[in-house]
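Below are the chains, spelled out letter by letter.
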Amino acid sequence: MAASSVDDRREQLVQLVNSEGSVSFQQIKQAFPDVSDMTLRTDLKTLDAERRIIRIHGGARSVEFVIGTDDRLDSRNLRNVDAKMEIAKKAVSLIRPNSTLFLDSGSTTTALAHEMADERSLVFSNSITCATELARLNNVDTIVVGGNLNRYSMSLNGSRAVDFIKSLNFDQLFLGVTSFHPHCGFSCGSDEEATLKRACIKQAEQVIALMDSSKIGRRSTFQFCDLSDIDVLVTDADLPADIAQVCASAGVKVL
């Protein structure tokens, strides 16, 4: 990135952090290769003081990401599009005929809903965007789980949603993922969404996580499960070999 002034550079830095949700200092250095480490750290300190970003150990996070929005869905829809479409096409092949599914919220699960064929199934979801995609299908019965609206992720959650989920059983859960770290498991930026994901995992016969490789090595605030809670991980071709080995050791099928 090139910036003609301090203000321009800091504005570009804010845009970078907001577009990614969370960035490492190494990513920032790569984006601004002609700017010294000291200057970039000063920029981060200033922007943090202005509450435009949140400094964290080793990098920075979007303010919205930290306060529990998991970043805006419209921003996520623009990132790693090819990888998400690859994942969605793989995940469609796992859907069992005449099954009961739960589609979690997120840009990748929305891509899955877009790819689903018009074959008989019962689908529950807390995602407004997934429900919108499924509305085109005549043979899919779609039930939207009610609750409090998260306008950033366009999802519904809260105690009413969790109580309803506890009364259900799913053949398959397609789980959206914000972050995965081998030492911390799967996590997201919203406490309410983490609680809902945990409830869905308990009610599902098979848990299928949809995660592009850019989520690996990240930590979000609220952990919702470990790798051992997942049956299948659907990802893109860039999955690191060491993570593939960790999955194999945990008995998780990687697709």
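The coordinates are above.
Let us look at the structure shown here. What you see is a predicted model; the values in this text were computed from it and never measured. (Residues numbered from 1 in each chain as written. Predicted model: local features only at pLDDT ≥ 70, side-chain atom pairs only at ≥ 80, totals over all residues. Heavy atoms only, no water.)

1. What to know about the packing of helix α6 (residues 81–92) against helix α7 (residues 107–115)
For the pair α6 and α7, the least separation of the axes is 8 Å and the interaxial angle reads 55°. One element, α6, and the other, α7, form an angle in the oblique class. Where α6 crosses over α7, the handedness of that crossing is right-handed. Across from Lys84, Met85, Ile87, Ala88, Lys89, Ala91 and Val92 in α6, the residues of α7 making contact are Ser107, Thr108, Ala111, Leu112 and Glu115. (Axes fitted to C-alpha atoms, helices over the stretch in contact; angles between N-to-C directions. Helix = DSSP H or I, 4+ residues; strand = E, 2+ residues; numbered from the N terminus. Parallel < 35°, antiparallel > 145°, perpendicular 65-115°, else oblique. Left-handed = near helix turned anticlockwise from the far one by under 90°. Contact = heavy atoms within 4.5 Å.)

2. Thoughts on the environment of Ile128
Mapped onto the fold, Ile128 is located in helix α8 (residues 128–134). For the pair Ile128 and Ser159, spaced 31 residues apart in the sequence, the C-alpha separation amounts to 18 Å. Leaving out residues up to four positions away in the same chain, Ile128 has contacts with Leu149 and Met154.

3. Here's the deal with the sheet that holds strand β13 (residues 222–225)
Within a beta sheet, neighbouring strands are joined by backbone hydrogen bonds and run either parallel or antiparallel to one another. Reading across from one edge, β10-β11-β13 is the order of the three strands in this open sheet, with antiparallel pairing throughout. Either end of the sheet is taken by a strand with one partner, and the two such strands are β10 (179–181) and β13. Taking the axes of each pair of neighbouring strands and ignoring which way they run, one obtains an average angle of 40° across the sheet. Where β10 and strand β11 (residues 185–188) come together, three bridges link them in antiparallel fashion. Its bridge partner being in β11, His181 is matched across the sheet by Gly185. (Pairing = 2+ DSSP bridges.)

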